[in-house]
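# Structural characterization, general
As a plain string of letters, each chain reads:
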Protein chains: 2
Amino acid sequence: MTVSTRTPSAPVAPSRSRLRPLGLDEVAIRGGFWGDRQEVNGRATLAHIAGWLEREGWLGNFDLAASGRLPEGRRGREFSDSEVYKYLEAVAWEIGRRGDDAELEERFRSVVARVAAAQEPDGYLNTRFGRPGQDPRWANLEWGHELYCLGHLFQAAVARVRTRPDADDGLFDIARRAADLVCKVFGDDGIQSICGHAEIEIGLVELARATGDERYLRQAQLFVERHGTGVLPDIEFGRSYYQDDIPVREADVLRGHAVRANYLAAGAVDLAVETADEGLLDALERQWTNTIARRTYVTGGQGSHHQDEAFGDDFELPPDRAYSETCAGVASVMFSWRMLLAKGDARYADLIERTLFNVVATSPSAEGTAFYYANTLHQRRPGEHADPDEVSPRASSSLRAPWFEVACCPPNVARTFASLAGYVATADADGVQLHQYAPASIRTTLDDGREIALEVETAYPAEGSVRVRVLTDAAEPWTLSLRVPAWAESAKLVVRRNGEELVQTWEAEPGTVSCSKAFSAGDVVELEFPIVPRFTSPDPRIDAVRGCLVVERGPEVFALESIDLVEAGIGATDVADIVLDASMPPREVDGRVLVAVRERHPEIASWPYGDETGMGSTAASVQEVALVPYHEWAERGPSTMRVWIPAT
Amino acid sequence: MTVSTRTPSAPVAPSRSRLRPLGLDEVAIRGGFWGDRQEVNGRATLAHIAGWLEREGWLGNFDLAASGRLPEGRRGREFSDSEVYKYLEAVAWEIGRRGDDAELEERFRSVVARVAAAQEPDGYLNTRFGRPGQDPRWANLEWGHELYCLGHLFQAAVARVRTRPDADDGLFDIARRAADLVCKVFGDDGIQSICGHAEIEIGLVELARATGDERYLRQAQLFVERHGTGVLPDIEFGRSYYQDDIPVREADVLRGHAVRANYLAAGAVDLAVETADEGLLDALERQWTNTIARRTYVTGGQGSHHQDEAFGDDFELPPDRAYSETCAGVASVMFSWRMLLAKGDARYADLIERTLFNVVATSPSAEGTAFYYANTLHQRRPGEHADPDEVSPRASSSLRAPWFEVACCPPNVARTFASLAGYVATADADGVQLHQYAPASIRTTLDDGREIALEVETAYPAEGSVRVRVLTDAAEPWTLSLRVPAWAESAKLVVRRNGEELVQTWEAEPGTVSCSKAFSAGDVVELEFPIVPRFTSPDPRIDAVRGCLVVERGPEVFALESIDLVEAGIGATDVADIVLDASMPPREVDGRVLVAVRERHPEIASWPYGDETGMGSTAASVQEVALVPYHEWAERGPSTMRVWIPAT
């Protein structure tokens, strides 16, 4: 096993890139918004997922496979193996995050052992295909998800080897044997096709990085380049559904299934970086830019079609039919993070932040044991209560559900939260860059061997102040860079030594503010920017929210829930009957964001189209009501809800 | 075979009702908007459908069944048999409409013979289930469509027996044998379940009417009453998908799959009428009222979810994601027509007219050989050209396609057009009611034996003038009633004899205007109402079209197509860049409807949310552009299109 010792214990480890990721052994989040979520994830969510994998038989499938009892008794959908692998990845990162934890380590090894027992002598590994009585291997590439499952296996194996390089659990070898088979079957002279759900591409490049084996990189390249050549059949949703409509390097924007599109893009960035393929990287940057400018919700959510879980056309972003799948949020973070490492632009970190706060953090309940699969921006009817003991057949459940027939989202959230420290900061030859703000300890070594240790203190996003305490002395100057969020109207950087101001920088432009200095231990770098609630308007081409405003505060998007109308004593009890008074900006009182609203009294009409005079009236009196951060909505029971509020 | 000779040769023949339908032997449409479409339907569409049924093997499935070769070689989806039955129904009506046509008669009989050969000794008839190697009979009621197919078989058989009572082709007996089996299998002591797709209910009641066999009515009652008791499994879309969430008599509004919902409602009206069940009829009236007030597009289209082809929540009517399935339009006409017969209110005829002009007439191309399955109200990208020789895998194809993998819509349009004369007029004890305006000959006999003959002359909807020439003398007064459409601002009724004005009535209120007289042959009753283009606003609760207007003219909804922007020499070539000047009402010049618009110049933004100042500008200069009737859109090649236009 060839593992580079210089590889960070982080989700993406490019062999070359503009920025170098810092691993979980270099960055630790210490409490705060994200630290609390990591804690819940490690304490509750991982056990919750393990319980459901067992209960639903998706883990049991491996035992049936090992004992030759399949296909009888196999449970779950064709991609259920992948949830086991995502769980393994999450646990691997969690072990890396926590340090040694005998119980978690034991749980990890026991699952790996069950997976190992199901692998066939030639490396094939899937509980759904290939046995007598089952569909044959690789016969249904468009829907079978065999390669997709392996992609997740590879990611899990890479997570493990990066956090515990010396582990002897065998997962890495399982992955390699499966990858070797894939290269044999789908190589230059093999089946000239792809998987209907991208993911193997990421897994193969990461495996190539972790092993140094160029075959895996070549195989990833074949898969990426075959996309868009029409190797899969045309279907109801069109070939765009699985990105087999336009070659990756020719496409201008992401389209089709939003998770597939982002996984493919992420894998293609990995490939472009490893092969120094600037043309491919340019194409992906262009796609990212257009997707963010035209096909992304204000939450960072992506996918506006329920039918095919897909992107809509440009500016087709209906809030009430927002699919905004949690997994698409995770996948978008994966794509953006790879672009950030490759290019260094703060805009990628901006989108990661927006998506983490308003999509990924929205999915799990406060307890970490129920999840949104889809994340609507407008709830017209109070949602039903999800039974905490029942599998939801509905992806677009209107309350968080404990588990789904298609349960991709819970383990996707879990692996993201467990590895979240890996997205906080990076390094380059010249210093350290802070991208996400959370209380954190950072300790890394620059390429020239200089050790740098930092302690980040912040109450972000409650407050817009970030203090970075330098813990190490430096003889030579190095550069500390901090992101100024795109929404910040101003930002001030101050460096203090022993209470004395050494440097003061005003940076009005969002982007990056940097300070180069021979820092001494005890120096404090403080970035301050105002965080106040603000109205945001939509581009007029977003038809579905014409005449509406959204309230944002820092990186958080806010929502109006009907329960707060009741609490405020407003006559109307449904968000449908509320209009925002745009002349009064939102204000913050005792940590709550308040807006001025008026009641609307609709007409009871037999036909909802006519001349304007018969369309009801709006009350003259203005009342104040509190909004909640969108990621907290539906935590107090069924409510109607809207993010975009009609404004007068 | 017991067939009441008093049964009209019409799609619905209640044994009691407020209004009595007139059959195809009593009403004939003579040219005009609908006559032309009937002509195209009879000349081109029926042959087109027959060709595709043959080519796709859906007819051939019956031959395979007859010769014992199934399941090998069976083609098409589980409900493909139903398309053959809908085709038979359409041909039956067409034979009724045209009078004797040896070639059509021969075609009809040859298909019936192939169907007959596939029926099993116990009456079972379905090419997809029940044979060795196939799924067993009735084992998959939620998705199998077996009863749904039989419902269409029954409708076809009833159409045949009503138009050719003495035909010896055997179709009616095939239907009876199948219905007898259904009663045995699903009766009081049988399988306590329903079909996932309502339709059998209509078929059974109509078969009960045509045979006088009460068992069929009882069976229809069982199926209707079982809906909403949770007999089918919960699924991703919820039990509302197949109306198994709430009992029919308890529901307040249609929900779930829009075709299923309307078919069930239509069958339930049939049942309520035959069993004099006023409570059930009240429930259906309430559902109709709420569905029209809150869940229907301005076109009359229904269904705002692509995912499950379903109704959305109240006021969830996004134009760009309008599913508005053609079949849902047909089904809505079926439901409304039954309510009209039962209650007599003009509002039902108003909706039928709106739906016929703007949904059903929109589906087929001018040539009658390509069809919309879904009918969007907003096309953001120019649609692709559909290959006239290829099956479309996409229901929501952006141009009309010759055939679909799920091809319910073409034969549904065909059977509606062929029987359209049956929706024009009704009679009661006191006279004749005109509901739809088309050049037509009407000849019927009132209950007391009086013969009445009328000739309707009109250029509707081009002009709002309807002349009814009475061809028969009457000794006693009788009443001629005409519908005043809901959108008519005024209406004038004049009766003339030898050019002299006998009666003049002004009726400003939409609804029905009536004239009771002992009419003489040669009398002319003339109804006039202005037809001018008008702006229509949406209820403010329809979020998706806030700030937009639609242009209507008479019963027709209009649309802006990008091709007309180019033609008008307006700089903008995409409807996305156009704003309506609401201060200038639409006007009509040389038969074209013109509106005043201004160009919008959007900002090129990297993120489409921000403060209002950065959202682009609108040109000061106003230009005029022509709109097209919505049912004519996309006849001139790919265009972007919108029905609802943002207005300033």
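Small disclaimer: the values here were computed from a predicted structure and weren't measured.

## Here we look at the overall build of chain A
A tally of helices and strands in chain A yields 15 helices and 26 strands. For 648 residues, the compact-globule formula gives about 26 Å, and the C-alpha radius of gyration of chain A, at 25 Å, lands near that figure. The dimensions of chain A, computed from C-alpha atoms along their principal axes, are 75 × 70 × 45 Å. Split by element, the accessible area of chain A, about 21,300 Å² in all, is 47% carbon and sulfur.

## Let's talk about the packing of aromatic side chains
Here the structure, examined in full by the defined rule, presents 54 aromatic pairs over all chains. Between W288 of chain A and Y348 of chain A, the aromatic rings sit 4.5 Å apart at their centres with planes inclined by 65°, giving edge-to-face as the arrangement. Here the residue W288 of chain A occupies a position in helix α11 (residues 278-294), and Y348 of chain A occupies one in helix α13 (residues 346-360), the gap between them amounting to 60 residues. The class of W288 of chain A is buried, set by a relative accessible area of 5%. The class of Y348 of chain A is buried, set by a relative accessible area of 0%. Ring-pair connections join several aromatic residues into one group, and the members of that group are F33, W34, F357, F417, Y437, Y460, W487 and F529 of chain A. Sitting above the plane of the F33 of chain B ring, R37 of chain B keeps its charged end 3.7 Å from the centroid. The ring of F129 of chain B is capped by R128 of chain B, whose NZ or CZ atom sits 4.8 Å from the centre of that ring.

## Considering the pattern of salt bridges
All names here are of chain B. For the structure on display, the rule yields 130 salt bridges over all chains. Linking E105 and R160 is a salt bridge whose minimum nitrogen-to-oxygen distance equals 2.3 Å. Note that E105 is positioned in helix α4 (residues 102-118) and R160 in helix α6 (residues 146-163), a separation of 55 residues in sequence. Residue class for E105 comes out buried when judged on its relative accessible area of 17%.

## Observations regarding the pairing of strand β15 (residues 524-528) of chain B
Residue and element names in this part refer to chain B. Where burial is concerned, most of β15 is hidden: four out of the five residues are buried. As judged from the five bridges shared by strand β10 (residues 465-470) and β15, these two strands associate in the antiparallel manner. Paired with R469 across the two strands is V524, which belongs to β15. Across five bridges, strand β12 (residues 492-497) lies against β15 in antiparallel orientation. Bridge pairing in β15 places V495 opposite V525.

## Focus: the sheet that holds strand β10 (residues 465-470) of chain A
Neighbouring strands of a sheet are bound in pairs by backbone hydrogen bonds; such pairs are parallel or else antiparallel. All names here are of chain A. Strand order in the open sheet made by the seven strands is β2-β8-β9-β10-β15-β12-β13, with antiparallel pairing throughout. In the strand order of this sheet, the two ends are held by β2 (27-29) and β13 (500-506), each with one partner. Strand after strand, the sheet turns through a mean of 15° between neighbouring axes, direction not considered. Two elements, β2 and strand β8 (residues 440-445), share three bridges in a ladder whose sense is antiparallel. Counterpart to I29 in the pairing with β8 is A440.

## Overview of the interface of chain B and chain A
Residue-level contacts link 55 residues of chain B with 56 residues of chain A. At the boundary of chain B with chain A, total buried surface from both sides reaches about 5,000 Å², with 49% on carbon and sulfur atoms. Where chain B touches chain A, the interface holds eight salt bridges. Across the pair R380 of chain A and D543 of chain B runs a salt bridge, and its minimum N-O distance is 3.0 Å. There are 16 residue pairs in polar contact (both at pLDDT 80 or more) connecting chain B and chain A.

## Quick notes on helix α7 (residues 171-186) of chain B
Residue and element names in this part refer to chain B. Here α7 spans 22 Å end to end across 16 residues, near enough to the 22 Å set by a 1.5 Å rise per residue. Most of α7 sits inside the fold, with 12 of its 16 residues counted as buried. Among the residues of α7, L171, F172, I174, A175, R176, A178, A179, L181, V182, C183, V185 and F186 are the ones counted as buried. On its buried face, α7 sits against α3 (80-98), α4, α5 (141-144), α6, α8 (200-211) and α9 (214-226).

## Description of the packing of helix α1 (residues 32-55) of chain A against helix α3 (residues 80-98) of chain A
Angle between the axes and distance between the axes: these two values describe a pair of packed helices. All names here are of chain A. Relative to each other, α1 and α3 sit at 150°, their axes nearing to 11 Å. It follows that α1 is roughly antiparallel to α3 by the angle criterion. In this structure, α1 meets α3 at a crossing whose hand is left-handed. Here Q38, E39, N41, G42, R43, L46, I49, A50 and L53 of α1 come into contact with α3, specifically with E83, V84, Y87, A90, V91, E94, R97 and R98. Tallied by class, the residues present in the contact of α1 with α3 amount to eight nonpolar, three polar and six charged.

## Regarding helix α14 (residues 409-418) of chain B
Within α14 of chain B, 10 of the 10 residues are buried, leaving the element largely enclosed by the surrounding structure. The complete set of buried residues in α14 of chain B reads C409, P410, P411, N412, V413, A414, R415, T416, F417 and A418 of chain B.

## Observations concerning the relation of the copies chain B and chain A
Once chain B is rotated about the relating axis by 180° and shifted along it by 0.0 Å, it coincides with chain A to within an RMSD of 0.0 Å. Those values place the two copies in the arrangement expected of a two-fold rotation axis. In terms of C-alpha distance to the rotation axis, chain B has Q307 of chain B as its closest residue, with the C-alpha 1.9 Å off the axis. Mapped onto chain A, 100% of the interface residues of chain B again fall at the interface, so both copies present the same surface.

## Observations regarding the confidence of the model for chain A
Residue and element names in this part refer to chain A. Taken over all residues, the pLDDT of chain A has a mean of 95, while the share at 70 or more is 98%. Residue range residues 1-5 is modelled with pLDDT below 50. Its contacts to residues more than four positions away, or to other chains, number seven contacts. Both confidence scores are given for the complex: pTM 0.95, ipTM 0.92.

## Re the packing of α7 of chain B against α9 of chain B
Residue and element names in this part refer to chain B. Where α7 contacts α9, the axes come no closer than 10 Å and their chain directions differ by 50°. Here α9 runs oblique to α7, going by the angle between their axes. You can see that α7 and α9 cross each other, and the crossing is left-handed. From α7, R176, A179, D180, V182, C183 and F186 reach across to α9, where they touch R215, Y216, Q219, L222, F223 and R226. Class assignment of the residues belonging to the contact of α7 with α9 gives a composition of seven nonpolar, one polar and four charged.

## Describing the side chain of T536 of chain B
One can find T536 of chain B in strand β16 (residues 533-538). With near-sequence residues (within four places) excluded, T536 of chain B lies in contact with Y609 and G610 of chain A together with L549, V550, E552 and W644 of chain B.

## What about the sheet that holds strand β1 (residues 20-21) of chain A?
Residue and element names in this part refer to chain A. The mixed open sheet is built from five strands, whose spatial order is β1-β6-β7-β11-β14. On the outer flanks of this sheet lie β1 and β14 (511-517), each paired with one strand and no other. Pairing between β1 and strand β6 (residues 425-428): two bridges, direction antiparallel. Its bridge partner lying in β6, P21 is registered against T426. The strands touched by α13 are β11 (478-484) and β14; relative to β11, the strand with the most contacts, the crossing angle is about 50°.

## Considerations on unusual backbone geometry
Cis geometry is found at the peptide bond from L70 of chain A to P71 of chain A, where omega equals 5°. Tracing the chain through its elements places P71 of chain A in the loop between α2 (60-66) and α3. Geometrically, the link from Y460 of chain B to P461 of chain B is a cis peptide bond, its omega value of 5° lying close to zero. Following the sequence through the fold, P461 of chain B ends up in the loop between β9 (451-458) and β10. You will see that H145 of chain A, though not glycine, has its phi angle at about 65°, which is positive. Position of H145 of chain A relative to the elements: it lies in the loop between α5 (141-144) and α6 (146-163). Here H145 of chain A falls in the buried class, since its relative accessible area comes to 6%.

Analysis parameters
Residues numbered from 1 in each chain as written. Chains lettered and ligands numbered in written order. Predicted model: local features only at pLDDT ≥ 70, side-chain atom pairs only at ≥ 80, totals over all residues. Heavy atoms only, no water. Helix = DSSP H or I, 4+ residues; strand = E, 2+ residues; numbered from the N terminus. Rg over C-alpha atoms; globule rule 2.2 N^0.38 Å. Areas by Shrake-Rupley, 256 points an atom, 1.4 Å probe, with all protein chains shown as cover. Phe/Tyr/Trp six-rings, centres within 6.5 Å; stacked < 30°, edge-to-face > 60°. Buried < 20%, exposed > 50% of the residue type's maximum accessible area, 1.4 Å probe, protein only. Lys NZ or Arg CZ within 6 Å of the ring centre and 35° of its normal. Salt bridge = Lys/Arg side-chain N within 4 Å of Asp/Glu carboxyl O. Pairing = 2+ DSSP bridges. Axes fitted to C-alpha atoms, helices over the stretch in contact; angles between N-to-C directions. Contact = heavy atoms within 4.5 Å. Buried area = accessible area lost by both parts, 1.4 Å probe. Polar contact = N/O pair within 3.5 Å; in protein donor to acceptor, adjacent residues only side chain to side chain. Expected span 1.5 Å × (residues − 1). Parallel < 35°, antiparallel > 145°, perpendicular 65-115°, else oblique. Left-handed = near helix turned anticlockwise from the far one by under 90°. Nonpolar A, V, L, I, M, F, W, Y, C, P; charged D, E, K, R; others polar. Least-squares fit on C-alpha atoms with pLDDT ≥ 70 in both. pLDDT = per-residue confidence, 0-100.

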